[in-house]
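# Overview (structure and organization)
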Amino acid sequence: MRSSRTTPEPRPGDDRTTDLIRWAAFTCVLVPVVLLGYGASLAGAAGTALGLAAVTAVCRVLLRRSERCAARLLAEEPAPEAHHRGRHQRTGTGSHRGGRHSGGNSPVG
């Protein structure tokens, strides 16, 4: 029996991007903790955390922008026609290009 509730289709790449951002945020916390564990100064660990957070934020913005641009390009792309053969699949006169040509009616020897 089917459920009457419809779920929207997930956007392609959405889960991967979200997972990537989560891992990056995790490393923003993990790296300074490890640095403190190995004896780095609190100021050094805090600076590292801020630097990693800034890089993560910029990467997140660029990833989301890239996804939006890709989705927009896919939406603008025309649907392929069923009977369109394309440039390299023509039939008729001259369709057998690239084969061996004898240069007229003279026999090849």
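Scroll up for the structure.
Residues numbered from 1 in each chain as written. Predicted model: local features only at pLDDT ≥ 70, side-chain atom pairs only at ≥ 80, totals over all residues. Heavy atoms only, no water.

### What about the overall build of the chain?
For clarity, the cut-off: Strands are runs of DSSP state E lasting at least 2 residues, helices are runs of H or I lasting at least 4, and numbering of each runs from the N terminus. Burial status follows relative accessibility: with a 1.4 Å probe on protein chains alone, a residue under 20% of its type maximum counts as buried, one over 50% as exposed, and anything between as partly exposed.
When helices and strands are counted, the chain shows two helices and zero strands. Residues counted as buried form 8% of the 109 residues belonging to the chain.

### Focus on helix α2 (residues 42-76)
Because each turn of an α-helix spans 3.6 residues, side chains separated by three or four positions end up pointing in the same direction. This is how the line gets drawn: Expected helix span is computed as 1.5 Å times (number of residues minus one).
Here α2 is 35 residues long and its end C-alpha atoms lie 51 Å apart, about the 51 Å a rise of 1.5 Å per residue gives. Within α2, the full set of buried residues consists of Ala45, Thr56 and Arg64.

### As for the pattern of salt bridges
Any two side chains of opposite charge can pair if their charged atoms end up close together. Our working rule: Every case where a carboxyl oxygen of Asp or Glu lies within 4 Å of a side-chain nitrogen of Lys or Arg is listed as a salt bridge.
By the definition in use, this model includes one salt bridge. A salt bridge links Arg64 to Glu67; its shortest N-O distance comes to 3.5 Å. Within this pair, Arg64 and its partner Glu67 are both found in helix α2, separated by three residues, close to a single helical turn. Its relative accessible area of 19% is what places Arg64 among the buried residues.

### Some points on a nonpolar patch on the surface
For clarity, the threshold we go by: Here a patch means residues that are over 30% exposed by relative accessible area and free of salt bridges, tied together within 9 Å if like-charged and within 5 Å if nonpolar (Val, Leu, Ile, Met, Phe, Trp, Tyr). Residue exposure ignores everything except the shown protein chains as possible cover, and the areas themselves are Shrake-Rupley values with a 1.4 Å probe.
On the surface, a cluster of nonpolar side chains totalling about 600 Å² of accessible area is made up of Trp23, Phe26, Leu30, Val34 and Tyr38. Tracing the backbone through its elements, the reader meets Trp23 in helix α1 (residues 14-37). Overall, Trp23 belongs to the exposed group, its relative accessible area being 58%.

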